[in-house]
Amino acid sequence: AVKGVNKIIAAYIAATLLVALAAVVSLWTFNKIEAASEARVQTTNLIVRTDALLDDLVNAETSVRGFALTGDASFLQPYLAVRDGVRGQLQELRSRTQAISAVHHLDALGSLMDAQLTQLAEIVKLRRDQDLPAVIAFVSSARDKPAMDLIRGEVRSFIQAETHELARQRAAFDSNMNRMFFIIIAICLLALLLAVAFA
C-alpha cells in the first residue's frame, strides 16, 4: 500500500513538473512570437517610411521648380514641410533600425538630403530676389540630378539592408518555432511514458 501511495505521489509530482514545463515553454514561445511579430512590423514600417521620405523629397524638388517658374509661393508647401521635418524623420528612422549597415546608409542619406535642401533653398532665394536669368540657368542645367541619383541609391541600399534584416528575423522566428515544436514533442513523449509507467 505504501508503495502504491509513493507511486501515486511520484506520478503526481512528475505530472505537475510536466505541466509547469509546458507552461514555461508556452510562455517563452508566446514572447518570442510576439517579439518577432513586432520586429517584422517595425522593419516593414521603416522600409515604407524611408520610401515615403524619398517621395517627399521629390515632391519638394518639384514644388521648388513650380515656384521658380511661376513665383507662386503656394507651390512651396511640400518643400517647406520636408525642409522643416526631414532631420526629425531621419533621426527617428535611425533610432528604430536594428541593422548597422542601414544606419550607415541613413547617415549618408542625411548628408545628401541636407546638400539637396541647401541647393533648393538657393533656387528659392534666387526667385525671391527676382534673379530670373539665374533661376532659369539653375533649373535648366539639371545640376540637382546627380545628387538625387545618389539619394535614390542610398534609399535603395537602406531598403536592401532592412530587407536582409527582415529575412534574418524570419529565420530566427522559424528557428524558435522549430525548437518549440521539438520541445512540445519531448513533453508529450515524457507524459506518455509517465502514463505508461503509472499504469
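Scroll up to find the structure.
Residues numbered from 1 in each chain as written. Predicted model: local features only at pLDDT ≥ 70, side-chain atom pairs only at ≥ 80, totals over all residues. Heavy atoms only, no water.

A. Structural context of the environment of histidine 104. Locating histidine 104 in the fold gives a position in helix α3 (residues 100–128). Exposure remark for histidine 104: the relative accessible area of 52% places this residue in the exposed category. Put simply, histidine 104 and phenylalanine 158 are 54 residues apart on the chain and 8.4 Å apart in space, counted from C-alpha to C-alpha. (Helix = DSSP H or I, 4+ residues; strand = E, 2+ residues; numbered from the N terminus. Buried < 20%, exposed > 50% of the residue type's maximum accessible area, 1.4 Å probe, protein only.)

B. Just the packing of helix α2 (residues 77–96) against α3, in detail. With their axes 11 Å apart at the nearest point, α2 and α3 run at an angle of 170 degrees to one another. Classified by the interaxial angle, the pair formed by α2 and α3 is roughly antiparallel. When α2 is examined against α3, the residues Tyr79, Val82, Arg83, Val86, Arg87, Leu90, Leu93 and Arg94 are found in contact with a partner set consisting of Val103, Leu106, Asp107, Leu109, Gly110, Met113, Asp114, Leu117, Leu120, Ala121 and Val124. Of the residues in the contact of α2 with α3, the class split is 13 nonpolar, 1 polar and 5 charged. (Axes fitted to C-alpha atoms, helices over the stretch in contact; angles between N-to-C directions. Parallel < 35°, antiparallel > 145°, perpendicular 65-115°, else oblique. Contact = heavy atoms within 4.5 Å. Nonpolar A, V, L, I, M, F, W, Y, C, P; charged D, E, K, R; others polar.)

C. Highlighting the nonpolar core. Counting residues in each nonpolar core, the largest one holds 32 residues, and the members touching the most others are Tyr79, Met113 and Ile151. Elements with a minimum of two residues in this core: α1 (2–70), α2, α3, α4 (132–140) and α5 (145–198). Looking at this core, the element that brings in the most residues is α3, giving 9 residues. Excluding its chain neighbours within four sequence positions, the residues that come into contact with isoleucine 151 are Leu54, Leu57, Leu109, Leu112, Met113 and Gln116. (Core = buried A, V, L, I, M, F, W, Y, C linked by side-chain atoms within 4.5 Å.)

D. Seen up close, the packing of α3 against α4. Look at α3 against α4: their axes get within 8 Å of each other, and the N-to-C directions meet at 150 degrees. Here α3 is positioned roughly antiparallel relative to α4, judged by the angle of their axes. Classified by chirality, the crossing of α4 by α3 is left-handed. Only Leu132, Ala134, Val135, Phe138 and Val139 of α4 make contact with α3, whose side of the interface consists of Gln119, Glu122, Ile123, Leu126 and Arg127. Partitioning the contact of α3 with α4 into residue classes produces 7 nonpolar, 1 polar and 2 charged. (Left-handed = near helix turned anticlockwise from the far one by under 90°.)

E. A look at the environment of arginine 170. Inspection of the secondary structure puts arginine 170 in helix α5. On the accessibility criterion, arginine 170 (41% relative accessible area) is partly exposed. A sequence separation of 52 residues divides arginine 170 from threonine 118, and the C-alpha atoms of the two residues are 40 Å apart.

F. Representation of the side chain of glutamine 169 within the structure. Along the chain, glutamine 169 turns up in helix α5. Given a relative accessible area of 5%, glutamine 169 falls into the buried group. Discounting residues that sit within four places of it in the chain, glutamine 169 has contacts with Ala39, Arg40, Thr43 and Gln98.

G. Layout of the side chain of glutamate 162. Secondary-structure assignment places glutamate 162 in helix α5. One buried charge, glutamate 162, has no salt-bridge partner; the nearest side chain with opposite charge is arginine 168, at 9.1 Å. Beyond its immediate sequence surroundings of up to four residues, glutamate 162 is in contact with Thr43, Leu46, Ile47, Thr97, Gln98, Ala99 and Ala102. (Lys, Arg positive; Asp, Glu negative; His and termini not counted. Salt bridge = Lys/Arg side-chain N within 4 Å of Asp/Glu carboxyl O.)

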